[in-house]
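In case you want the letters, here they are:
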Amino acid sequence: MKLPGVVARRRGASLLVLAAVCLLPVFAAPRVWMPAPTYRYLLVLDVTQSMNVRDVEGADGTRSRLHLGREALLQVLAAMPCGSQVSVALFAEGQTLPLFDPLEVCDHYPAMERVISGLQWRMAWAGNSQLDLGVVSALQEARKQSLDLIFVSDGDQTPRRQASRLGTVQAHSGTTRGWMVGVGSEQPRPVPKLDAQDRIVGYWEPHEAQRQGFNPNFVVQGGGLSFAYAGETPAGTDEHLSALRQPELRDLARAAGLQYLRLTDPAALVVAARDPQLAILADAPVDLRFVFGLAAALLLLCGWSLQDRAT
């Protein structure tokens, strides 16, 4: 039955008012908490000077290892579902230093994004790096906070070692899940010196690298597990050059109970980080604004339809 024009207009106007009322809760960002897959990660980035080597090809030309590692961690952060918790840490010398306790990614995303975007080599507190100790430190921090681990590094160490001491790393094996991520080219390149604007003003010379690395470097083969890598040049002869050291990283990952991934595309690390086997079922916020928005849209359509029929 066709409604009289006045009645149709009134009902149409009422529906338009209801649509406006339905939109009011949207400004309060209503949420409900429901069980969903989430992740808990400690994201560690190597900020030692070898990460400044520009040997990573990208769409915008050759980038530094640090640039690619930073970009990959940003994409991992963006891909984490609401309810996930993330902490960010730096590696230098023989220590992993967390910058903040784990935070929920959706509530704190802007601040966390700015922190990761600002990570740079000047944050390193020492010139030398001992990766095995850094991995142990990262595993301890991750276990303390009940986090999984993503550790991004080129595997280069100063002073250079012919053996990687894995005994202390193995002592922490199985306590943490996650990924050891290698970045850079396996072709040795000189380590650049940068000015205040990160422009290359020179490269480390052999004698400077040896002095910085406190050579000669003698590794004591103690009771812990350690082994040398075939084909490596003696320590002290090429420390001004840097390359991705995959054998060391793979062995460290194996000793720590982690998986290894070579980073060439940030998307690959996102896929690895969202491995369903690493997901944790926990309460996560579900945004309800779309429900009120959809109801308002339906009311608007009905209101406009009645208005049209009344004319």
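A quick note: this is a predicted structure, and the numbers were derived from the prediction, not measured.

What counts, and at which threshold
Residues numbered from 1 in each chain as written. Predicted model: local features only at pLDDT ≥ 70, side-chain atom pairs only at ≥ 80, totals over all residues. Heavy atoms only, no water. Helix = DSSP H or I, 4+ residues; strand = E, 2+ residues; numbered from the N terminus. Buried < 20%, exposed > 50% of the residue type's maximum accessible area, 1.4 Å probe, protein only. Contact = heavy atoms within 4.5 Å. Areas by Shrake-Rupley, 256 points an atom, 1.4 Å probe, with all protein chains shown as cover. Phe/Tyr/Trp six-rings, centres within 6.5 Å; stacked < 30°, edge-to-face > 60°. Lys NZ or Arg CZ within 6 Å of the ring centre and 35° of its normal. Axes fitted to C-alpha atoms, helices over the stretch in contact; angles between N-to-C directions. Parallel < 35°, antiparallel > 145°, perpendicular 65-115°, else oblique. Left-handed = near helix turned anticlockwise from the far one by under 90°. Core = buried A, V, L, I, M, F, W, Y, C linked by side-chain atoms within 4.5 Å. Salt bridge = Lys/Arg side-chain N within 4 Å of Asp/Glu carboxyl O. Polar contact = N/O pair within 3.5 Å; in protein donor to acceptor, adjacent residues only side chain to side chain. Expected span 1.5 Å × (residues − 1). Bend = angle between axes of the 7 residues up to and from the residue. Disulfide = S-S within 2.5 Å.

## A closer look at the overall build of the protein
Moving on, step 1. Assigned secondary structure in the protein consists of nine helices and 17 strands.
Moving on, step 2. The proportion of buried residues among the 311 residues of the protein is 45%.
Moving on, step 3. Taking the intrachain contacts of the protein between residues at least 6 apart in sequence as the baseline, contacts between residues at least 24 apart amount to 81%.
Moving on, step 4. Here the protein has roughly 15,200 Å² of accessible surface; of this, 58% comes from carbon and sulfur atoms.

## Things to note about the packing of aromatic side chains
Moving on, step 1. Applying the stated criterion to the full structure yields two aromatic pairs.
Moving on, step 2. Ring geometry for Phe 91 and Phe 151: centres 5.6 Å apart, planes at 50°, overall tilted. With Phe 91 in strand S5 (residues 85-92) and Phe 151 in strand S8 (residues 148-153), this pair connects stretches of sequence that are 60 residues apart.
Moving on, step 3. Its relative accessible area of 1% is what places Phe 91 among the buried residues.
Moving on, step 4. For Phe 151, a relative accessible area of 0% translates into the label buried.
Moving on, step 5. For Lys 193, the ring lying beneath its charged end belongs to Trp 204, and the centroid distance is 5.2 Å.

## Some points on the packing of helix H2 (residues 65-79) against helix H8 (residues 266-273)
Moving on, step 1. Axis separation between H2 and H8 bottoms out at 9 Å; the angle between their running directions is 40°. Overall, the two elements H2 and H8 adopt an arrangement that is oblique. Here H2 and H8 pass one another in a crossing that is right-handed. Here Leu 68, Glu 71, Ala 72, Leu 73, Gln 75, Val 76 and Ala 79 of H2 lie close against H8, whose contacting residues are Pro 266, Ala 267, Leu 269, Val 270 and Ala 273.

## With respect to the nonpolar core
Moving on, step 1. The biggest cluster of nonpolar side chains holds 38 residues, and the ones touching the most others in it are Tyr 41, Val 86, Ile 150 and Leu 269.
Moving on, step 2. Here this core gets seven residues from one element, more than from any other, and that element is H2.
Moving on, step 3. Counting residues in each nonpolar core, the second largest holds 24 residues, with Ala 89, Phe 91, Ala 138 and Phe 151 among its members.

## A word on the pattern of salt bridges
Moving on, step 1. Counted under the stated rule, the structure contains 11 salt bridges.
Moving on, step 2. A cluster of three or more residues bridged by salt bridges with shared partners is formed by Asp 55, Arg 65 and Asp 154.

## Considering unusual backbone geometry
Moving on, step 1. The residue Glu 93 is not glycine, and still its phi comes out positive at about 55°.
Moving on, step 2. Relative to the elements of secondary structure, Glu 93 occurs in the loop between S5 and strand S6 (95-98).
Moving on, step 3. Even without being glycine, Ser 146 reaches a positive phi, approximately 55°.
Moving on, step 4. Among the secondary structure elements, Ser 146 is positioned in the loop between helix H4 (131-144) and S8.

## Observations concerning the environment of Arg 122
Moving on, step 1. Summarising the element assignment, Arg 122 is placed in the loop between helix H3 (105-117) and H4.
Moving on, step 2. Each C-alpha atom, one on Arg 122 and one on Thr 48, is 8.4 Å from the other, the two residues being 74 residues apart in sequence.
Moving on, step 3. Within the structure, the side chain of Arg 122 is placed 3.3 Å from the backbone oxygen of Ala 196, a separation counted as a polar contact.

## Digging into H3
Moving on, step 1. Compared with an ideal rise of 1.5 Å per residue, which puts 13 residues at 18 Å, H3 spans 15 Å between its outermost C-alpha atoms and falls more than 12% short.
Moving on, step 2. The largest bend along H3 reaches roughly 45° and is located at Ala 111.
Moving on, step 3. Where H3 is concerned, the buried positions are Val 105, Met 112 and Ile 116.
Moving on, step 4. Of the surrounding elements, those touching the buried residues of H3 are strand S2 (40-46), H2, S5 and strand S7 (103-104).
Moving on, step 5. Measuring from the backbone nitrogen of Cys 106 back to the side-chain oxygen at the start of H3 gives 2.9 Å, which picks out Glu 104 as the cap.

## Points about H2
Quick reminder: α-helices carry 3.6 residues per turn. Residues three or four places apart thus point the same way.
Moving on, step 1. Taking 1.5 Å as the rise per residue, H2 with 15 residues should run 21 Å; its terminal C-alpha atoms sit 21 Å apart, in good agreement.
Moving on, step 2. Residues of H2 that are buried include every one of Arg 65, Leu 66, Leu 68, Gly 69, Arg 70, Ala 72, Leu 73, Val 76, Leu 77 and Ala 79, and no others.

## Let's talk about the state of the cysteines
Moving on, step 1. Tallied over the entire structure, the rule returns one disulfide.
Moving on, step 2. Disulfide pairing places Cys 82 opposite Cys 106 at an S-S distance of 1.9 Å. Taking the sign of the S-S torsion, -90° for the link of Cys 82 and Cys 106, the bridge is left-handed. Of this pair, Cys 82 sits in the loop between H2 and S5 while Cys 106 sits in helix H3, and the two are 24 residues apart along the sequence.

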